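Chain by chain, the residues run as shown.
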Amino acid sequence: MRSQTLPRVGIIGAGAIGCTLAARFANGGCDVKLAARAEAAATIRRQGLHLTASGTEIAAQVAVAKSPQDLLDRDYVFIAVKQQALLAAVRDWLPKLPETVVVIPAINGIPWWFLPNAQASSTPSGKTPEVELAALLPAAQILGTAVYLTAYSTAHGVAVQGTRNRLIIGELDGSSSARAEVLKTTCMAAGMDCDISTAIRLDVWMKAVGNAVFNPLSVLSGGDMASMLADEHISELALHMLRESLALGRRIGLPIDSSAEERLERARSAGNAQTSMLQDYLKGKPLEVEAIIGAMVRLGRQYETKMPFTEAIYGLVRSASLNNPFLRTTSNTTEEKTK
Ligand SMILES: NC(=O)C1=CN([C@@H]2O[C@H](COP(=O)(O)OP(=O)(O)OC[C@H]3O[C@@H](n4cnc5c(N)ncnc54)[C@H](OP(=O)(O)O)[C@@H]3O)[C@@H](O)[C@H]2O)C=CC1
Ligand SMILES: CC(C)(CO)C(=O)C(=O)O
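Predicted model, so just to flag it, every value in this text is computed and none were measured. (Residues numbered from 1 in each chain as written. Chains lettered and ligands numbered in written order. Predicted model: local features only at pLDDT ≥ 70, side-chain atom pairs only at ≥ 80, totals over all residues. Heavy atoms only, no water.)

**Describing the sheet that holds strand β6 (residues 76–79)**
This is how it is decided: Pairing between strands is defined by DSSP: at least two bridges between the two strands are required. Here a strand is any run of E in DSSP of at least two residues, a helix any run of H or I of at least four, and the numbering for each starts at the N terminus.
Here 5 strands make up an open sheet; going across it, the order is β5-β2-β1-β6-β7 and the pairing parallel. Because the sheet does not close on itself, it has two edges, and the strands there are β5 (63–64) and β7 (102–105).

Written out as structure tokens, the structure reads:
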């Protein structure tokens with residue numbers, strides 16, 4: 001039975017992570033509204049959500065938002081879209097964020113709030129996406145997140161979760177807060193592990209470092225996480241890249257005490273997951289290349305930190321993305337090609 005004390009949750013994006021979160025929160029008794037694109041929205045209204053997680057089937061009915069108004073009454077809104085779709089999704093669904101809504105960007109890569117102006121790129125309007133996002137989503141209303149979930153989607157509203165089942169959340173300024181505590185309790189009631197971090201910038205960086213290495217390497221090798229880690233050549237290359245990103249993190253002032261070897265070991269908890277970037281590559285969808293490794297490379301250049309391995313892999317994966325033989329339409333490539 002639904003408890004009135006549980007927070008109302010909104011989720012933007014009905015892909016692997018969005019469906020996993022929505023099904024879990026609904027199953028945990030939350031009032032969930034999911035904001036999806038038209039075709040996915042119609043299917044989910046008809047058939048609900050189906051999540052397979054650790055051999056358990058979770059079927060859940062959730063409300064599907066029709067317009068931004070439907071999200072105004074939410075306590076927490078997760079954004080679970082690819083980073084290149086983020087600004088458009090925020091414009092579509094959160095054009096005027098009420099002060100009562102807490103936003104959780106469940107997105108890989110280096111987020112817009114991480115280093116003000118660090119990754120600025122020009123837009124036709126002259127406003128950078130980071131500046132626009134910061135205006136639409138005030139920092140005070142964000143809980144930072146490192147997404148340690150693994151999932152893939154097989155059809156609209158259908159997701160399969162892998163071995164990872166954990167979120168790290170935290171206030172951007174490291175403070176403790178009731179809203180983070182409530183969200184943690186809600187995540188745990190929904191069957192997920194959740195830790196509150198007092199150093200979320202560090203946690204987001206440590207997650208971003210892993211993605212900057214393994215997501216591109218998965219596209220270039222075609223391997224899942226377990227097979228990449230079992231390959232001595234790929235592991236050696238991954239260690240070089242990890243050392244570079246960890247050094248960059250220290251250069252920008254993060255108190256990183258993990259070694260590349262330790263970070264590599266932690267990646268094993270992803271089991272045999274196929275990275276989200278490899279999933280997209282095989283589906284002929286645009287890749288998060290710029291958000292995940294391009295951003296790392298640009299930050300390295302800005303901070304005059306040499307990253308030769310990361311630079312080389314960026315060049316290769318960018319090219320693999322542009323020349324992806326699985327690309328469905330030429331319009332899919334436009335976004336990456338114009339960067
Ligand atoms: N999958 C995984 O295991 C993990 C993923 N992540 C990260 O989580 C984020 C989400 O990834 P994932 O769920 O895998 O991605 P998916 O591509 O599976 O899902 C993203 C969903 O967002 C939808 N979407 C895009 N724009 C809008 C919009 N304007 N309004 C409504 N819906 C929109 C997409 O629709 P459409 O398909 O029509 O474009 C798609 O259904 C990424 O940053 C990823 O790197 C992090 C950890 C693990
Ligand atoms: C690879 C993984 C599961 C963890 O690093 C991930 O975050 C992704 O698929 O994007």
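**With respect to the UniProt feature "domain: Ketopantoate reductase C-terminal" (unreviewed entry) in the protein chain**
Rules: UniProt positions are given in the numbering used here, feature names are shortened, and annotations may be inferred rather than shown by experiment.
Residues annotated by UniProt as "domain: Ketopantoate reductase C-terminal" (unreviewed entry) correspond here to residues 200–319. Measuring from the first to the last C-alpha atom of residues 200–319 gives 32 Å, for a span that is 74% helix and 0% strand.

**Describing the site of ligand 1**
Threshold: Whether a residue is near a molecule or strand is decided by its heavy atoms; if any one of them lies within 4 Å of it, the residue is near. In protein, a polar contact means a hydrogen-donor-capable atom and an acceptor-capable atom, both N or O and within 3.5 Å, with residues adjacent in sequence counting only if both atoms are side-chain atoms; elsewhere, any N or O pair within 3.5 Å suffices. Computed with a 1.4 Å probe, the accessible areas rest on the Shrake-Rupley method; for each residue, only the protein chains presented here act as cover. For this classification, Asp, Glu, Lys and Arg are treated as charged, while Ala, Val, Leu, Ile, Met, Phe, Trp, Tyr, Cys and Pro are nonpolar and the rest, including Gly, are polar. Domain start and stop points were drawn from an automatic or database domain assignment.
Surveying the vicinity of ligand 1 reveals 26 residues, the closest of which are I17, R37, K82, N108 and E288. Take R37: an N or O atom from its side chain is 2.7 Å from an oxygen atom of ligand 1. One of the side-chain N or O atoms of K82 is found 2.9 Å from an oxygen atom in ligand 1. For ligand 1, the protein covers 88% of the area, taking 900 Å² as the surface of the free molecule. Looking at the shell around ligand 1, the elements that each hand over two or more residues are α1 (16–27), α3 (86–93) and β8 (143–155). With 4 residues, β8 is the single largest residue contributor to the shell around ligand 1. Class assignment of the residues belonging to the shell around ligand 1 gives a composition of 15 nonpolar, 5 polar and 6 charged. The residue makeup of the shell around ligand 1 includes at least three contributed by each of domain 1 (8–198) and domain 2 (202–337).

**Here's the deal with the site of ligand 2**
Close to ligand 2 lie N108, T150, R164, K207, N211, N215, M225, T275 and S276. Here an oxygen atom of ligand 2 and a side-chain polar atom of K207 are 2.7 Å apart. N211 places a polar side-chain atom, nitrogen or oxygen, 2.9 Å from an oxygen atom of ligand 2. Ranked by residues supplied to the shell around ligand 2, first place goes to helix α6 (residues 200–221) with 3 residues. Here the residues of the shell around ligand 2 are counted per class, giving 1 nonpolar, 6 polar and 2 charged. Among the domains, domain 1 (8–198) and domain 2 (202–337) are the pair contributing at least three residues each to the shell around ligand 2.

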